[in-house]
Amino acid sequence: MFRVDKKGETLMVQKRRIKILIANPGLDVHDAGARYVAKVLSDAGMEVIYLGIRQTAEGIVNAAIQEAVDIIGLSILSGRHSTIVPRISGLLREKNVHDIQIVVGGIIPKDDIDTLKKHGVKEIFLPGTSSEFVVDRIKSLMIN
Amino acid sequence: MSRDKEEGYEKELLRKCRKDEFKTSSGISIKRIYRPEDLKEFGYEKDLNEPGQYPFTRGLYPNMYRELLLHRRLGMGYGLPEQANARFKYLYEQGGQAGYSGAATTTLYDGPTNFGLDSDDPLADGEIGKMGVAIDTIDDMEVLMGGFPLDKTFNNMVLYDSGVAAVLLAMYIALAEKQNTPIHDLTGSCLNEPLQTFVCQKCSIFPVMPSLRLCLDIAEFTIKNIPKWNPISIYGNAIRESGGNAVQEIAFALAHAMAYTEMALARDLEVDEFGPRLTFYHNVNNELFEEAAKYRAYRRMYAKIMKEKYNAKKRHSQMLRVFAKTSGVALTAQQPYNNIIRSTIHTLAALLGGCQGVFVASFDEALSIPTDMAATIAARTSQILIEETGVADTVDPLGGSYYVENLTDEIERRAWDYLDKVEKMGEGMKFGPKMLSGVIAGIENGFFENEIALTNYRKWKDIESGKRVIVGVNKYQAEEEIPIELMKVDMEVQRVKIERLRNFKQDRNLKGAEEALKAVEKVAASNENIMPVLVEAVKSKATLGEIINVMKKVFGEYKGVSCFV
């Protein structure tokens, strides 16, 4: 498996399971979607760390670093994306972590998508996305 | 036709069908046709009886909707208390709250309120007023209820955790006292269903035993002081909306109802004192016949349980008073206008099932909290069904249908199997009564959560494979979505709310509030009922967050386990 670093150099990456952390940030308790995606990704051979609901930005970032995950997957349906995502990407930058990518799934108004992408979100999965597509996109994030 | 011949014939017919199997959401196989032999053991009096008579399969009252219109409530809450209050008034004028002698309000609270956090708590940042109204203080409660005379308003407070339910009920009681309304005359409910909250809603603040104690404190206090209050609403809606099927919805909810009854009996409440105060808040979903059959089976089972297991003598203790919420999860973000049709079918199922009330979801529920327009259409949905179509003009119109009666029996049989399983899990546990022990075991060993998660996983697999059709999602997708107007809650709400809380704290007698909080801590550590001291605390201007925090010191905090399937 290959991975391209920030400078555009292609690096050999040891072939191993993709490790992804899934969390529901904030106080929203709608977790059925996140749990389904967690199971789908684990069925697809990825190593899934499911943090569950009531997660803070700090808690998510610390767990992601501690577990050395490749990707943080955030499930957000509450409208809190506009505050929580910048905080998570800010914390990662502060801690000098550049190899953990962020993806978001949930209810995200179209107008907010660009802002989230500016804050470093690599992919936003909206309602109706097939689980096959989610698996493929996450795999390809690891290659590009 | 001989049996062999018939089987061959059925197989031949099935080969021509558009699907190779027909099943309900709970996995019950559906036959091509139902005949008298599908109801072999059926007896009118034993299985159905007249509406208003045990086992109440056909309904709780002789006249049903011919006399009492279906109670209609639209849940509401967003932003600041005055914003939610204005929406209450608007919905009331639109006839969105009907069937009550006076006004009715159904309040939904925001995430921070449901977790017992004040608006200035760092964890609340970004969520103030977003998914419900934000309440911190008795002053907020006063603004929220402004213009609604408390003794003439049915106030349905949708609060999951018992700690938060106790504090907000205390604010409501304190407000009534301030307005010189006798608390005896208050009517309403406060949900207060901790067992469900551990499994589905997942906003539990305290561990299992203190949560149950607070739940029963509310029940005991209201039974003695606010006799028309419904202190516990068994919240099957969350079991369904978090992914369970129709059978799991009623089976787990019945297990909870039995556990609360056993706790009430252990507190020396009489079953005929406690039983009549239990209410049920459930779901209506896509499959019309299964939903209607579910409520018929549910009433019959509950009546049997209360009469035979707990020896309830009063009819009212055996009557399952159930309020239905039309599904939000069954609504889609894609082609959202289609949801108006779905909610109409759901509302019809509630009527055919004989529910006492319905809360119709707004068509934009999958996308945001409702706009005025979406909430108005929700109000119109039940008005059109009840007043234009004639479906509510006879009692239990599906009664006697070979299919529906067979389905009612099958749902009941499967639900009893679950109840046996849960009861067995409690064997040898330390909590005493069997169902209570079984339910606590099922929460702690993840049984309920896993059963629901597995059902949900299979459902979505079926949707992804196309086996289960969701119009606009996996079939008949639109190239381009028609844009709809969405409700957005301004971040200004948060700023105003925090500033208001700061002023509230500055203006109060701090010493008085601190003493009241100490008193709460003391009673929490004892066996006394916590309600009186909570009423004093909110009168002394202690805030929700402050009260919950002192209770945390005594009770500890619930640390749930996060698992997926």
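Shown above is the structure to which this text applies.
Residues numbered from 1 in each chain as written. Chains lettered and ligands numbered in written order. Predicted model: local features only at pLDDT ≥ 70, side-chain atom pairs only at ≥ 80, totals over all residues.

With that out of the way, let us pick up the overall build of chain B. On a plain count of helices and strands, chain B comes out with 22 helices and ten strands. The long-range share in chain B, meaning contacts at least 24 apart out of those at least 6 apart in sequence, stands at 76%. (Helix = DSSP H or I, 4+ residues; strand = E, 2+ residues; numbered from the N terminus. Contact = placed C-beta atoms within 7 Å.)

All names here are of chain B. Alignment of strand β2 (residues 75-76) against strand β3 (residues 103-108), held across two bridges, turns out to be parallel. Each residue of the ladder has a partner; that of M76, found in β3, is T107. Sheet analysis places β3 next to strand β4 (residues 153-158), joined by six bridges and oriented parallel. What sits directly across from A104, in β4, is F154. (Pairing = 2+ DSSP bridges.)

With the exception of glycine, the majority of residues adopt a negative phi angle, and the majority of peptide bonds are in the trans configuration. Residue and element names in this part refer to chain B. Cis geometry marks the peptide bond from Y54 to P55, where omega comes out at 0°. Its place among the elements puts P55 in the loop between α2 (44-48) and β1 (71-72). Phi is positive for D268, which is not a glycine, with a value near 70°. Of note, D268 is situated in the loop between α10 (246-266) and α11 (271-274). Judged by the 8 C-beta atoms lying within 10 Å of it, D268 falls in the exposed class. (Buried ≥ 20, exposed ≤ 12 C-beta atoms within 10 Å, placed from the backbone.)

For the rest of this paragraph, the subject is helix α21 (residues 531-539) of chain B. When we look at burial in α21 of chain B, the residues that qualify are M531, V533, L534, V535, A537 and V538 of chain B. With its phi angle positive at about 70°, K541 of chain B sits one or two positions after the end of α21 of chain B.

Let's shift gears to the nonpolar core. Residue and element names in this part refer to chain B. V167, A170, L254 and L534 are the most contacted members of the largest nonpolar core, which totals 205 residues. Top element by residues in this core is α10. It accounts for 14 residues. Those residues in contact with A170, other than ones at most four positions away along the chain, are M531, L534, V535 and V538. (Core = buried A, V, L, I, M, F, W, Y, C linked by C-beta atoms within 7 Å.)

With that settled, consider the interface of chain A and chain B. On the chain B side, the residues contacting the 26 residues of chain A number 28 residues. For the side of chain A that touches chain B, the secondary-structure elements that each account for two or more residues are α1 (32-43), β4 (47-55) and α3 (81-94) of chain A. Considering each element in turn, the side of chain A that touches chain B owes the most residues, five residues, to α1 of chain A. Of the residues that constitute the side of chain A that touches chain B, the class distribution is twelve nonpolar, nine polar and five charged. (Nonpolar A, V, L, I, M, F, W, Y, C, P; charged D, E, K, R; others polar.)

Attention now moves to the sheet that holds strand β5 (residues 71-76) of chain A. All names here are of chain A. Within the open sheet, the five strands sit side by side as β4-β3-β5-β6-β7. Their pairing is parallel. Strands with a single pairing partner mark the edges of an open sheet, and in this sheet they are β4 and β7 (121-125). Neighbour-to-neighbour, the strand axes of the sheet open up by a mean angle of 20°, direction not taken into account. Examined bridge by bridge, strand β6 (residues 101-106) and β7 share four bridges and lie parallel to one another. Directly across from V104, in β7, lies its bridge partner I124. In the packing of α1 onto the sheet, contacts are made with β3 (19-25), β4, β5 and β6, and the angle to β3 comes to roughly 175°. (Axes fitted to C-alpha atoms, helices over the stretch in contact; angles between N-to-C directions.)

All names here are of chain B. Packing of α10 against helix α12 (residues 288-309) leaves a shortest axis separation of 10 Å and a crossing angle of 25°. The pairing of α10 with α12 is recorded here as roughly parallel in orientation. Two packed elements cross with a definite hand, and for α10 against α12 that hand is right-handed. Across from A246, I250, L254 and M258 in α10, the residues of α12 making contact are E290, E291, K294, A297, Y298, M301, Y302 and I305. The residue makeup of the contact of α10 with α12, split by class, is nine nonpolar, no polar and three charged. (Parallel < 35°, antiparallel > 145°, perpendicular 65-115°, else oblique. Left-handed = near helix turned anticlockwise from the far one by under 90°.)

Note: α-helices contain 3.6 residues per turn, so residues at a spacing of three or four share the same orientation. Residue and element names in this part refer to chain B. Taking 1.5 Å per residue as the helical rise, helix α6 (residues 162-178) with its 17 residues ought to reach 24 Å, and the 24 Å between its terminal C-alpha atoms agrees with that figure. When you tally the buried positions in α6, you get 15 out of 17 residues, the bulk of the element. Phi turns positive, to about 60°, at N180, one or two residues after α6. (Expected span 1.5 Å × (residues − 1).)

All right, on to the pairing of strand β9 (residues 322-326) of chain B then. Here is the key point about a regular strand: its side chains alternate between the two faces of the sheet. Residue and element names in this part refer to chain B. Taking burial as the measure, the five residues of β9 include five buried ones, the bulk of the element. Both faces of β9 are covered, namely the face carrying V322, A324 and T326 and the face carrying F323 and K325. Across five bridges, strand β8 (residues 278-284) lies against β9 in parallel orientation. By the bridge assignment, H282 is partnered in β9 with A324. Strand direction decides the pairing type here: β9 and strand β10 (residues 357-359), joined by three bridges, are parallel. If you follow A324 over to β10, its bridge partner there is V358.

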